[in-house]
Structures are given as structure tokens and as C-alpha cells.
Amino acid sequence: MPTITSQAMTRRPSVRQTTVSIARFQGANGVEEIHLSIRPTVYGDVADQWRWVRHAYQQALDALDLAGDTAVLRRIFCSDLANQSARLGDVDDACATSWICQPPVPPAKVALWAYHLRTPDGTLDKRMDGHTLALRRGELEHRWTTGLTAQGESSCAQTRGIFATYDTELHVRGMRMADHLLRTWIYVQNVDANYQGMVAARREFFAARGLTPDTHFIASTGIEGRIADTAATVAMDAYAIAGVRPEQIRFLAAPEHLCPTHHYGVTFERGVSIAYQDRAHLFISGTASIDRDGQIVHPGNVLRQLDRTLINVDALLQQGGATLADAGIVIAYVRDPSDLNLVQEQLVERIGDIPLQVVLAPVCRPGWLVEVECQAVIPAHHPAPPPLLP
């Protein structure tokens, strides 16, 4: 049966400059999914590091016999995006690209996560639609949206504007937030001060559109992060699927380990699984060291918090029939810069060569020292739903 396979590669043009990890999954219908994670391991100017990353990326694509235009999503993590954006330039190809100021583990100033799809016939019907990459195949259209912002005097006002704009974009295309939006990433400047404003606006917006504790919310990560525009207190990336059927979607919960989010006033799902004919995708929201009563577990101890966080993540994955070994990408958000290397070392020991990014990004509650999200794919046989890509 097809499963996720991971490998680590080290690029040595003259010295060891980058580390590359790759995860691959090929389903019964022949469609292959590839995640790549690349991070510099040698100190250098950001322009030099970005050149090393792009060189290693191209070498990895060449080794995989993978064309660059198979990319559908790239996220670039930067240490000082406001100053670095002009020196980094654009990424080629029609692809959803998310530039986020979340400093990676030193000495890296910039790091890359890329997601590619390869079909047996070698074709992908992709087009850019404003902030969105639209990928159509059969009866589904996958829509990756990046860098949504809005004007406003507060995080609350900006969040209202972002959701209103996105809701309108969905409506114009015959989609509804409640039916078609599967995953969001919400980046909040100065999360300690501005998170609650975002939470209040999202909760009000969801309630007005029938997203309540009695229905469902959306899988999400709400975390410290900035884009190049420093006036944007809040920014959002999102993933929606036009044509997805209700029976394909299953929201994940592990109530014996962690409580529903609305118990402490926030409105997101712990995770979501989307079933296709030959596989299932699992998106695990940002998850921290929390118990079933909503309390922080192991305050002040980052390694024990990491242990509990991974227990919670694994419990959510198990609800969807997966484990961490099925992850294609793991992202860890760390509050204290002095903990970055320690968390990375522990995660590498725990998950091996699975693509990983560890970045500096305080979590929504100050007592949480680390948060983890992941995406996983598992083989499955579901005759009724449409395939990921027919």
C-alpha cells in the first residue's frame, strides 16, 4: 500500500550550506504528492542564503525528475521580511506563495516549504486568480489563497475586513465558507496584544454565517507572524475546495486529550480530514500543550510541553487513521528564541526525516511555549468521493 516516504538530502556546492528533506506519497490513481523543506545551515547574507535555498531546491527537483511548474504552494519563512523582501525577489511559476516573517532556526534567515503535485499525464490545470492559485481537475477546484489583508485601526477591524473580502470571493464563485473552506492560517503581529481582537472578529463573523459550536468551525492556526506590509496587523492564508462534498469532510477531535476550542472562547476545529477515492488528507491545526479542561500542561517547561503537544497531535491524527509517520510537513512554532535549536533537535529525533520547519512565533497564550501543526496523507479506498486529481 502506498505510504509517505521521507528522505533527507544535504547539498554541498563547496561547503554544507543547506539541508533538504523530502516526503513523497503516490496513491492508487498515480497522482504523487511531494513536500520539500529546505533550510540554510551556514550563516550568510539573506540574498546568499536565498540563492543557496533556490539552488538546493532546483537540485532536489532535478533529482526527483520534477518540473518546477508542478508546485502549487510555497511558504517562505523570513527573519526580517520588511527589510528582506526587496532582496529576495519573486518565485517563478504559477504557484500560491506565502511570504511570512517567522524567523527560522539560526543561522537561517530564510527557509522554504514547497508542496508539489505530479499527475500521470503530466498536466496541471493551474491559474492565478488574484491572491489565489486555482487548480482544477475533474469536478473539484482546489484554491490556495495567500497574503490576504485589510485596512483597519485594530486587529479586530482588519480581521473583519479580511473575512468579508474572502467571503465575497467565495460567493462570487458559487462557494460558501461553511461548505468549502477547509483550512486557514492567520498571522497576527504582536499576538499577545492583538490576538483577542482577531478572535472576537472571527467569532462574530462565523456566527453570522452559521458556523457555531452546534455546526462546525474551520481548521486553523492563529499565530504570531507578519508580512512585508508592516501596517497589516493581521494576514491570512486559506485553502478551499470548490465541489467538495459534505460526506468527504470529517472534523477531527480527541476529547480525551484536549477540549473543543469554544470552551475557551475561540472558534476553530482541531483538525479536518478530506476523503478522496484513493487517499485522505489530514490537516491538523496549530496544537499546543493543553488538556481536556483547556488548561496549559507543564507551564514553563518547553520540552515537556513539546511532549504533550505531540501526544495531542498524534491523538488527532489517530482519529483520522494516521500517525505522525504519515505527515508530509510538520511546522513548529516556538516562543523563546533560545528554545529554537532545542525544539528542532527534539523533533528531528522524534520524527526523523519528515520535512520540518521550526520557526520563532509566539503562540496565542503566553504560557504556551511551543505549538505544532502538520499535514498528513494516508492511503484509502472510498468509491464514492471524487479523486484528488482524476
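For the structure, see preceding data.
Every value quoted in this text rests on a predicted model; they were computed, and no experiment measured them.

Cut-offs applied
- Residues numbered from 1 in each chain as written.
- Predicted model: local features only at pLDDT ≥ 70, side-chain atom pairs only at ≥ 80, totals over all residues.
- Heavy atoms only, no water.
- Pairing = 2+ DSSP bridges.
- Helix = DSSP H or I, 4+ residues; strand = E, 2+ residues; numbered from the N terminus.
- Axes fitted to C-alpha atoms, helices over the stretch in contact; angles between N-to-C directions.
- Contact = heavy atoms within 4.5 Å.
- Phe/Tyr/Trp six-rings, centres within 6.5 Å; stacked < 30°, edge-to-face > 60°.
- Lys NZ or Arg CZ within 6 Å of the ring centre and 35° of its normal.
- Buried < 20%, exposed > 50% of the residue type's maximum accessible area, 1.4 Å probe, protein only.
- Salt bridge = Lys/Arg side-chain N within 4 Å of Asp/Glu carboxyl O.
- Core = buried A, V, L, I, M, F, W, Y, C linked by side-chain atoms within 4.5 Å.
- Parallel < 35°, antiparallel > 145°, perpendicular 65-115°, else oblique.
- Left-handed = near helix turned anticlockwise from the far one by under 90°.
- Nonpolar A, V, L, I, M, F, W, Y, C, P; charged D, E, K, R; others polar.
- Arc of directions from axis to C-beta.

### So, the sheet that holds strand β11 (residues 219-224)
On the basis of which strands lie adjacent, the open sheet formed by six strands has the order β7-β8-β9-β12-β10-β11 and mixed pairing. Each end of this open sheet is capped by a strand with a single partner; those strands are β7 (125-129) and β11. Between one strand axis and the next, the sheet turns by 10 degrees as a mean value, whatever way the strands run. In this sheet, strand β8 (residues 132-137) lies alongside β7 in antiparallel orientation, the contact comprising five bridges. Each residue of the ladder has a partner; that of Arg 127, found in β8, is Ala 134. Of the strands in this sheet, β8, β9 (140-148), β10 (181-188) and β12 (234-242) are in contact with helix α3 (residues 155-172), which crosses β12 at around 20 degrees.

### Remarks on the sheet that holds strand β16 (residues 327-334)
One open sheet accounts for six strands, arranged β13-β14-β15-β18-β16-β17; its pairing is mixed. Looking along the sheet, the strands with just one partner apiece sit at the ends: β13 (249-252) and β17 (356-360). Neighbour to neighbour, the strand axes of the sheet diverge by 10 degrees on average, direction disregarded. Pairing geometry for β13 and strand β14 (residues 271-275), over four bridges, is antiparallel. Directly across from Leu 252, in β14, lies its bridge partner Gly 271. Contacts between helix α6 (residues 302-319) and the sheet are confined to β13, β15 (279-287) and β18 (370-379), with β18 contributing the most and set at about 30 degrees to the helix. Relative to the sheet, helix α7 (residues 340-351) contacts β16, β17 and β18, its axis offset from that of β17 by approximately 160 degrees.

### A short note on the packing of aromatic side chains
Overall, the coordinates contain eight aromatic pairs when judged by the stated rule. The aromatic ring of Trp 185 is capped on one face by Arg 75, whose charged end is 4.7 Å from the ring centroid. Here Arg 209 stacks its cationic end above the ring of Phe 205, 3.7 Å away from the centre of that ring.

### Comments concerning the environment of Arg 74
Topologically, Arg 74 is positioned in strand β4 (residues 71-78). By relative accessible area, which is 2% here, Arg 74 ends up buried.

### As for the pattern of salt bridges
Throughout the structure, instances matching the rule amount to 21 salt bridges. Connected through shared salt-bridge partners, Arg 127, Asp 129, Arg 136, Glu 141, Arg 143 and Arg 173 make up one network.

### Here we look at the nonpolar core
If you look at the biggest cluster of nonpolar residues, it comprises 101 residues, and the most contacted ones within it are Trp 144, Tyr 166, Met 177, Leu 317, Val 330, Val 343 and Val 358. A per-element tally of this core places β12 first, with eight residues. Beyond its immediate sequence surroundings of up to four residues, Val 358 is in contact with Pro 103, Pro 104, Val 105, Ala 332, Val 334, Leu 340, Val 343, Gln 344 and Leu 347. Within the second largest apolar cluster, 25 residues are counted, among which are Val 20, Trp 50, Leu 88 and Val 91.

### Considerations on unusual backbone geometry
Following Pro 106, the chain continues into Pro 107 via a peptide bond in cis, with omega recorded as 10 degrees. When you line up the elements, Pro 107 lands in the loop between β5 (96-101) and β6 (110-118). Even without a glycine there, the phi angle at His 298 is positive, about 60 degrees. Tracing the backbone through its elements, the reader meets His 298 in the loop between β15 and α6.

### What about the pairing of β4?
With eight of eight residues buried, β4 lies mostly within the body of the structure. The sheet contact formed by β4 and β6 spans seven bridges and is antiparallel. The partner of Ile 76 across the bridge, within β6, is Leu 112. Pairing between β4 and β5: six bridges, direction parallel. Its bridge partner lying in β5, Cys 78 is registered against Cys 101.

### Notes on the pairing of strand β3 (residues 32-40)
Burial analysis of β3 places nine of its nine residues in the buried class, the great majority of the element. Residue alternation in β3 divides its side chains into two sets, Glu 32, Ile 34, Leu 36, Ile 38 and Pro 40 and Glu 33, His 35, Ser 37 and Arg 39, and both sets are buried. Across nine bridges, the pairing between strand β2 (residues 18-26) and β3 is antiparallel. Residue pairing across strands places Val 20 opposite Ile 38, the latter belonging to β3. Hairpin connection, β2 to β3: the antiparallel pair is bridged by five residues, and Gly 30 has positive phi, about 90 degrees. Bridge count between β3 and β6: seven bridges; the pairing is antiparallel. Bridging across to β6, Leu 36 finds its partner in Ala 114.

### Things to note about the packing of helix α1 (residues 46-63) against helix α2 (residues 81-88)
It is the contact of α1 with α2, at a shortest axis distance of 9 Å, that shows an interaxial angle of 55 degrees. If you check the angle between α1 and α2, you find them oblique. Relative to α2, α1 is oriented so that their crossing is right-handed. Contact residues: α1 offers Val 46, Ala 47 and Trp 50, while α2 offers Gln 84, Arg 87 and Leu 88. Partitioning the contact of α1 with α2 into residue classes produces four nonpolar, one polar and one charged.

### Focus on α2
Taken as a whole, α2 has its buried residues at Leu 81, Gln 84 and Leu 88. In a view along the axis of α2, the buried residues occupy a sector of 70 degrees, so they form one face of it. In α2, those exposed residues whose orientation departs by more than 90 degrees from the buried face are Asn 83 and Ala 86. Its buried side turned inward, α2 meets α1, β4 and β5. Positive phi shows up at Gly 89, right after α2, with a value of about 75 degrees.

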